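Reading the structure
One letter stands for each residue in the lines below.
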Amino acid sequence: MKSLTTFDVLDIPSKTYDAVIVGSGAAGLTCGIVLRELGLKVCVITKSRANESSTNLAQGGIAVALSKEDSPDLHFNDTMRAGAGLVVPKMVRVLVEEGVKRVIDLLRFGARFERDKDGFLKFTKEAAHSVSRIVYYKDKTGEEVERVLLNTYNGDLIEGALLRELLVKNGRCYGVLASIDGELCALYAPVVAVATGGAAGLYLKNTNPPTSTGDGISTALRYGAELQDLEFVQFHPTAFCDGNGCFLISEAVRGEGAILVDKFGRRFMGDYHHLWELAPRDVVTRAIESQKRITGGEVFLDFRPIEERGIDIEERFPTIVKRLRERGLDPKKELIPITPVAHYYIGGIKVDTFGRTSIDGLFAVGEASCTGIHGANRLASNSLLECLVFGNRAAYGMYRDWRYFSRDFSEVRIKIERVPYKVEESFSLDDVKRTMWEKVGIFRSANSLMEAIEKLSKIAMSNSDWIVRNGALLGLAISVSAMRREESRGGHYRTDFPYEREEFRKHSTFSFRDLVNLL
Ligand SMILES: Cc1cc2nc3c(=O)[nH]c(=O)nc-3n(C[C@H](O)[C@H](O)[C@H](O)COP(=O)(O)OP(=O)(O)OC[C@H]3O[C@@H](n4cnc5c(N)ncnc54)[C@H](O)[C@@H]3O)c2cc1C
């Protein structure tokens, strides 16, 4: 499989840039800002409105070693510990050292992070951080980050522009095929960055915006890029879900003192981990699911201990309180039912420290990439930092390569037929999401994964829309990777292999060759 679209670049309008970036979240915009500073003609395309991104929804904050009690070494150690043996130390060193400078960049751009009465930055705490390390703005840090980055970026930005295909020939990327307001258009550039965010939106229950369907990761896979650690998905322990969907209740709520209780009102996390509610996310997630099964009832978050510490929850978590009240629940007075849902995609397009992928001219940044800093389990609030640090570095990588790649695209003739479907039936994205949630979710087994592989390979080759086939393909790759990892580690839990196994303490890689027999 390669293209899911039939096109001939000679038959459609085209534009030429020095760099094209797909995605307007923290990663894409950071990269775009630096490339503009270096003088390149940049175009950011984004499939919905510019601020529709996971970045915009981030609540908790950004982890950065800036407090008096902290140091990059401490941040390094916490990140290594959280990642369950799979963190890449070289990448984390870059993250914690350069992260300090990148957060200062945000302050220069005008980010209004919380400060104490003397003007010093305030820091909050989240799970598995040994000190208070998270800079934040109320409970809407992401909105603030997205705002300042959009204000600072001064290149072209096209909203409603969907990445459909990569223009790849002989192992080199020459640009992207986008659908802009429904019309196909070729955007040529010597260097292209995929910054399309994660894939948690491929799960029925998730905290992500509808845009997080793994589009860029799956497209890169189709064109031959090497992917890494696809089986690792982070499920967040505390989301509120009702008929209108799910939204996140930030870990910072537990960081400030909220506790988890079961249907009998019993605080149970001590049965599972000595850090109680601030145990690593995967531990809390499975503990909640187990407690639900044991008691046959729901699990609740009790915000009231926060107020007992003298913190006004309306002031500290205004968005969360407002959204709960809109649903008739008052966290000041009552317990809030919560449930674990898909939240963050750890796997992605394999990159080096400058965001280079295995395809010449193609870069990947942010949640779409896999730098290895999260290992098997992301440390809370490290992901925005990753977007800033590696978005910045990818820009320099792109600049360096741009100088050597030709900017003449007149000889690039790409004419492709869409891969024909083999299954007449058509499916919806919900079919993909339900399969992922039920068969490739918090608890997995060889049986559930085999069922997922059968269903998703059928959907990938069906007469369905681009977004459905593309999403099913990534779902299939995740399922195959999860099947191969016959152990439990971090966010990947196999009921048939419930322990870590030393022989699996290594990264998994994935390329399109791994799927050929299934399609
Ligand atoms: C509810 C929530 C809370 C979070 N809280 C925190 C937190 O407190 N701290 C933290 O560090 N992390 C947090 N995270 C994670 C963090 O927000 C993300 O990992 C990070 O913002 C990802 O940034 P990104 O730029 O890689 O992707 P995004 O911000 O998701 O941006 C991706 C962009 O790509 C575009 N796009 C996608 N597909 C296409 C396509 N086919 N064509 C064109 N454009 C496309 C999207 O429209 C979007 O503009 C949170 C995530 C969520 C969902």
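Residues numbered from 1 in each chain as written. Predicted model: local features only at pLDDT ≥ 70, side-chain atom pairs only at ≥ 80, totals over all residues. Heavy atoms only, no water.

Looking up the protein chain in an unreviewed UniProt entry gives the name L-aspartate oxidase, with the organism given as Balnearium lithotrophicum. According to the UniProt record, the Sequence similarities (unreviewed entry) comment for the protein chain reads "Belongs to the FAD-dependent oxidoreductase 2 family. NadB subfamily." Among the UniProt annotations of the protein chain, the heading Catalytic activity (unreviewed entry) holds the following wording: "L-aspartate + O2 = iminosuccinate + H2O2". (UniProt positions renumbered as here; feature names shortened; annotations may be inferred.)

Concerning the environment of G198
Structurally, G198 is set in the loop between β11 (191–194) and α6 (215–222). Relative accessible area serves as the criterion here: at 0%, G198 is assigned to the buried category. Among all residues touching G198, those that are not within four sequence positions of it are S212, T213, G214, Y345 and E367. (Helix = DSSP H or I, 4+ residues; strand = E, 2+ residues; numbered from the N terminus. Buried < 20%, exposed > 50% of the residue type's maximum accessible area, 1.4 Å probe, protein only. Contact = heavy atoms within 4.5 Å.)

Points about the packing of aromatic side chains
In total, this model carries eight aromatic pairs according to the counting rule given. Ring centres of Y203 and F235 lie 5.5 Å apart, and the angle between their planes is 85°; on these two criteria the pair is classed as edge-to-face. Taken together, the residues span a long stretch of sequence, with Y203 in the loop between β11 and α6 and F235 in strand β13 (residues 233–242) at a distance of 32 residues. Arranged with centres 5.6 Å apart and planes meeting at 90°, the rings of F443 and Y493 form a pair that is edge-to-face. Here F443 is found in the loop between α13 (429–439) and α14 (446–460), whereas its partner Y493 is found in the loop between α15 (466–484) and β22 (509–510), with 50 residues between them in sequence. Put simply, the rings of Y174, Y188 and F409 touch in pairs and so form one group of aromatic residues. The ring centre of F120 lies 4.9 Å from the NZ or CZ of K68, which sits over that ring. (Phe/Tyr/Trp six-rings, centres within 6.5 Å; stacked < 30°, edge-to-face > 60°. Lys NZ or Arg CZ within 6 Å of the ring centre and 35° of its normal.)

Examining the pattern of salt bridges
Side-chain pairs of opposite charge can arise whenever the charged atoms involved come near each other. What the rule picks out here adds up to 44 salt bridges. Residues E144 and R147 are paired through a salt bridge, measuring 2.9 Å at the closest nitrogen-oxygen approach. Here E144 and its partner R147 are both found in helix α5 (residues 141–152), three residues apart, which amounts to about one turn of the helix. As a salt-bridge pair, R505 and E502 come within 3.1 Å of each other at their nearest N and O atoms. Through salt bridges with shared partners, a single network forms among E307, D312, E314, R325, D330, K332 and K333. (Salt bridge = Lys/Arg side-chain N within 4 Å of Asp/Glu carboxyl O.)

Looking at the site of the ligand
Around the ligand sit 38 residues, and of these T55, G61, L163, D215 and E367 come closest. One of the backbone nitrogen or oxygen atoms of S54 is found 3.1 Å away from an oxygen atom of the ligand. Contacts to the ligand include D215, whose side-chain N or O atom sits 2.8 Å from a nitrogen atom. Computed on the free molecule, the ligand has an accessible area of 1,000 Å², of which 98% lies beneath the protein chains in the complex. Sorting the residues of the shell around the ligand by element identifies α1 (26–37), α2 (54–57), β8 (161–169), β17 (336–345) and α12 (382–402) as the ones contributing at least two each. Class assignment for the residues of the shell around the ligand results in 13 nonpolar, 20 polar and five charged. (Near = heavy atom within 4 Å. Polar contact = N/O pair within 3.5 Å; in protein donor to acceptor, adjacent residues only side chain to side chain. Areas by Shrake-Rupley, 256 points an atom, 1.4 Å probe, with all protein chains shown as cover. Nonpolar A, V, L, I, M, F, W, Y, C, P; charged D, E, K, R; others polar.)

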